[in-house]
Amino acid sequence: MVNWILKKIVGSKNQREIKRLRKIVTQINEIEARLTSLSDDELRAKTAFWKNELAKISDLNEQQAYLDQILPEAFAVVKNAARRLCGQEVLVCDQPIVWNMVHFDVQLIGGMVLHQGKITEMATGEGKTLVATLPLYLNALAGRGAHLVTVNDYLAKRDSDWMGSLFKFLGLTCGCIQNDQPPEYRREQYYCDITYGTNSEFGFDYLRDNGMATTRETQVQRGYAYAIVDEVDSILIDEARTPLIISGPSTVTTQNYDKYKPVVEQLVKKQSLLCNRLASEAEELFAAGKKEEGAQVYFKLKLGQPRHKSLLRAMEDPELRRAIEKVELSYYSDTLKEELFRVKEELYFTIDERAHEADLSEMGREFLNPGDPDAFVLPDLISEFAEIDLDRDLTDAQRIEEKAKRQAFCDKQAERIHNITQLLRAYCLFEKDVQYVIEENKVVIVDEYTGRKMPGRRWSDGLHQAVEAKEGVQVDRETQTLATITIQNYFRLYFKLAGMTGTAETEANEFHDIYKLDVVVIPTNQPCIRKDLNDLIFKTRREKFNAVINELKVAHARQQPVLVGTVSVETSELLSRMLKREKIPHTVLNAKFHMQEAEIVARAGQPGAVTISTNMAGRGTDIKLGPGVVENGGLYVIGTERHESRRIDRQLRGRCSRQGDPGLSRFYVSFEDDLMRNFGAADRMTAIMERFGMKEGEELEHPWLNKSVETAQRRVEQRNYMMRRRTLEFDDVMNMQREVVYGLRNDSIENEEPRKIVYEIIDETIPAKVESFMEADETGPNYAGLLNWVNSTFPLGLTAEKAGFEGKPPEEIAAWIIEKVKTSYELKTKGEEREAVRSLERYIILNAIDRLWQEHLYAMDSLREGVHLRAYGQKDPLIEYKNEAYDMFVELMGNIKNEVLHNLFRSTSNLQAFEHFMASLPQNLLHQEGGGENNILGDVTGGAEQPAAKLRAAVPVRREDVKVNRNDPCPCGSGRKYKSCCGRKA
Ligand code: ADP
Ligand code: MG
């Protein structure tokens, strides 16, 4: 009842809208009648005039208002152009066809709905291809491009050729992107007024432009103003769970860690032996009553191995504890500074548990690199370069070579330092079964606060790999995601989005809730006289298929064409075998060869034709009736199974009775069908059927039974909707992060002075770093640590004396380092060509973003897999995912900045690295750097204009905590109750 009332209200809202639009139709037709007197050129001049007017308006909303205002006249112009084209031959996919279409009134209505950014539902054969020309023309006038999205390449080509003739007549350009086009060609297509293409081509171009291209010239798209998605239900609903993915060789490896593992392991053993000696020494001293001396030794042990058993035991004794703490305090007072330094130097390394750092001492470095005291300090490249420049014995070429050599050495050094530091941390700060456990040959992190396992989480910046190397577990992944987006999120980029299909009404809620797209149902041009017969219901599949074959024989005998729809390729093949036995000629389609299929489908209306087709096959091509078929009742559509979704059934039925033709449709159903078995419809029906007294081999039909089937379908639809929503919610997290990262990436590409971004990073990172070293806990400011960091990040070759940090306030120290870093950077780049330096700076930023973003994607992938494995109290996996993704993202941003700093002085001045980077990209992603195209881009504002500030302000996903009710459906989308799914107590 409620439903019924709802339908009435919704229905009447739809009718009111149609009534309103009909008034405008009258207006359009009046204008169109007047246009007939114009010459072709006069008509065409309208296009140029409007384009010119719209170019003067920069505000997007004002432009829309202008478009609304000229809509009646613009539609009239398109319709009139179509009229003028009639009788002319146009080339469509290299075949000449004669233009014979003038927009019907209902098509004008459909066009207006599309212009409003809604979904227009128009039955198959109503001419949606032509409908789209109206809003495409109107919106293209704004000069920001209008896109039409089709389901396959063939349709993109066909429709852009066909409708392109109309646009060209009116003085607009029309392009088409296809799978095999090179970038420079694609770019031309995007710069046409109107562009046709498939959703995946549009989506991949977005990923390549924003995630991979390194210069503006290599980006092909130019913003996302307006798109019409054809067969919108199929794209936004059926394909909702398969994201577009560009993958490449995995960047996450443990190789380098494996290489350094043995030496680090030895070092750790050495330290361990040393600490054991210290422990027994301390114990003996205490036993001998030498408390003071014993405490001294324990303090040293604490620096080297804070969790040593002997020490922990000693700390349990209040008296000993006080003695040790007293020693500790005294060491951190100013007078004993040098003494402290000496104590540290007697260890191989010291461990700071709180800061999660391990610092190598001189002795440790000497052990790792005997005879090379500088192995852990980056060379002073600036001085070295200056020396090379001054060396008169060298030729220019030798200088470059020499510099490259020094640079390469520096890079290798840096890489090694990083690997060893991370390994050392893995060994000394991360304990198995405390911070992590090993499960199924994987390192699984344990949350330090709750003790919960967090499968899927990965530590960043190589630490996870280091722990994997330590434990000897290797996670092999040959390829990994380099860039990914769901189709849905791609379409959300558009300023205005519209869609068209024959079947949207049943999913109107979903379109509204997720995409903010309203559905308007447009009446058909001619009244639809299709007869939808009641379902025929059988006990078994065998009986059902036999009945289908019998029905086919009868229809074939009277030469009525039949289209048989199946849910799967398997069923198609089964039916085909049965038909062969009966010697009935037929064709099978399964959505593989779009072009041939389009031709076959087009012939499916010929007398006596039998066509078996899965759902998707031949979508977008309509079936015209051959001679004599109308008298024979038109096309007969037989469904061999009810689909999970009513929409797909409607799509199949809609294949017949186009444009007022006669037609017939019927579904054959059995109790053994998946839908009937799984969704409880069978139980209810068995009861009904028993009442009817159904016997073996008999079939049943009754409108009530149709209703039962539909109830089952509704239930499945609901469940699938929940799952899709769930997927999108997960994807939203990634989407926000992607927007921030791509924003920064584009900013680096577009910023005239990438150095500004680099300097901003310096200005932000150094003070924070200094602060963290200075933040006095009981151990006091860590000057040595700071010096270490500076020396292993920038090639300044600082000594403690030169730096003179001690006693200065952090701000002063930070300012001093910033100054030093900037000065030496200016020095380094002084002699270089400006443009080369800019490219290099861009490359450094992009490279850092790309490498770490990819590592992040890898980590996010495993997080997403892992989050469902966790047994939570009353926690929602989505929220867990959001929270952890948030933390990981904050970390990512920090790591990107650090990496930029690290690489600033490390990249070869002669652009070798840059060239190497460009060469390493898959060829088809970029076209060669071509000059002279800048001017085209000069005035373009695309979706790529987020400022870098966005990155810094970005808090993409907030942490949140929500309780789920135990009796609610589980948020993971399993369909079970929460309490018996993710909410089950572990
Ligand atoms: P849909 O996508 O709505 O199923 P199509 O765009 O494939 O329909 O068009 C179906 C057929 O209708 C095409 O063969 C087309 O030529 C024809 N058609 C569309 N509009 C008109 C029109 N206004 N006048 C004559 N034929 C039309
Ligand atoms: Mg179509």
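Please read these numbers as outputs of a predicted model, since none were measured by experiment.

(A) Focus on the environment of Gly248. By the secondary structure assignment, Gly248 is in strand E8 (residues 244-249). In the structure, Gly248 is positioned 234 residues away from Leu482 in sequence and 6.2 Å away in space, judged by C-alpha atoms.

(B) Main features of the site of ligand 1. Taken together, 17 residues sit near ligand 1, with Val102, Gly125, Lys128, Thr129 and Lys624 positioned nearest. Residue Val102 places a main-chain N or O atom 2.7 Å away from a nitrogen atom belonging to ligand 1. When isolated, ligand 1 has an accessible area of 570 Å², and the protein chains bury 87% of it. With 3 residues, helix H5 (residues 128-140) is the single largest residue contributor to the shell around ligand 1. Here the residues of the shell around ligand 1 are counted per class, giving 6 nonpolar, 6 polar and 5 charged.

(C) Here's a closer look at the sheet that holds strand E13 (residues 453-454). The strand order across the open sheet formed by 3 strands is E11-E12-E13, and the pairing between neighbours is antiparallel. Of all strands in the sheet, those bounded by a partner on one side alone are strand E11 (436-439) and E13. Two elements, E11 and strand E12 (residues 442-446), share 4 bridges in a ladder whose sense is antiparallel. Paired with Tyr436 across the strands is Ile445, a residue of E12.

(D) Layout of the pairing of strand E7 (residues 226-230). Within E7, 5 of the 5 residues are buried, leaving the element largely enclosed by the surrounding structure. In E7, alternate side chains face the same way, and those of Tyr226, Ile228 and Asp230 on one face and Ala227 and Val229 on the other are all buried. Taken together, the 4 bridges between strand E4 (residues 146-150) and E7 define a ladder with parallel strand orientation. Its bridge partner lying in E7, His147 is registered against Ala227.

(E) Spotlight on the pattern of salt bridges. By the definition in use, this model includes 48 salt bridges. Between Asp161 and Lys157 there is a salt bridge, with its nearest N and O atoms 3.1 Å apart. Of this pair, Asp161 and Lys157 both sit in helix H6 (residues 153-169), 4 residues apart, roughly one helical turn. Judged by relative accessible area, Lys157 falls into the partly exposed class, the value being 33%. Here the salt bridges do not stand alone but share partners, grouping Arg186, Glu201, Asp205 and Arg208 into one network.

(F) Summary view of the nonpolar core. Formed by 162 residues in total, the largest nonpolar core has its most connected members in Tyr137, Phe491, Phe511, Ile766 and Leu786. The greatest single-element share of this core, amounting to 14 residues, is contributed by helix H32 (residues 834-867). Other than its neighbours up to four places away in sequence, Leu786 contacts Val770, Phe773, Met774, Phe805, Ile813 and Ile817. Judged by nonpolar contacts, the second largest core, of 63 residues, contains Ala279, Ala295, Leu303 and Leu463.

(G) A look at helix H12 (residues 309-316). Among the residues of H12, those classed as buried are Ser310, Leu311, Ala314 and Met315. Taken down its axis, H12 places every buried residue within 135° of arc, on the same side. The exposed set on the far side of H12, more than 90 degrees from its buried face, consists of Lys309, Arg313 and Glu316. Residues of H12 that are buried make contact with helix H10 (255-287), helix H11 (291-304) and helix H13 (318-332).

Parameters at a glance
- Residues numbered from 1 in each chain as written.
- Chains lettered and ligands numbered in written order.
- Predicted model: local features only at pLDDT ≥ 70, side-chain atom pairs only at ≥ 80, totals over all residues.
- Heavy atoms only, no water.
- Helix = DSSP H or I, 4+ residues; strand = E, 2+ residues; numbered from the N terminus.
- Near = heavy atom within 4 Å.
- Polar contact = N/O pair within 3.5 Å; in protein donor to acceptor, adjacent residues only side chain to side chain.
- Areas by Shrake-Rupley, 256 points an atom, 1.4 Å probe, with all protein chains shown as cover.
- Nonpolar A, V, L, I, M, F, W, Y, C, P; charged D, E, K, R; others polar.
- Pairing = 2+ DSSP bridges.
- Buried < 20%, exposed > 50% of the residue type's maximum accessible area, 1.4 Å probe, protein only.
- Salt bridge = Lys/Arg side-chain N within 4 Å of Asp/Glu carboxyl O.
- Core = buried A, V, L, I, M, F, W, Y, C linked by side-chain atoms within 4.5 Å.
- Contact = heavy atoms within 4.5 Å.
- Arc of directions from axis to C-beta.

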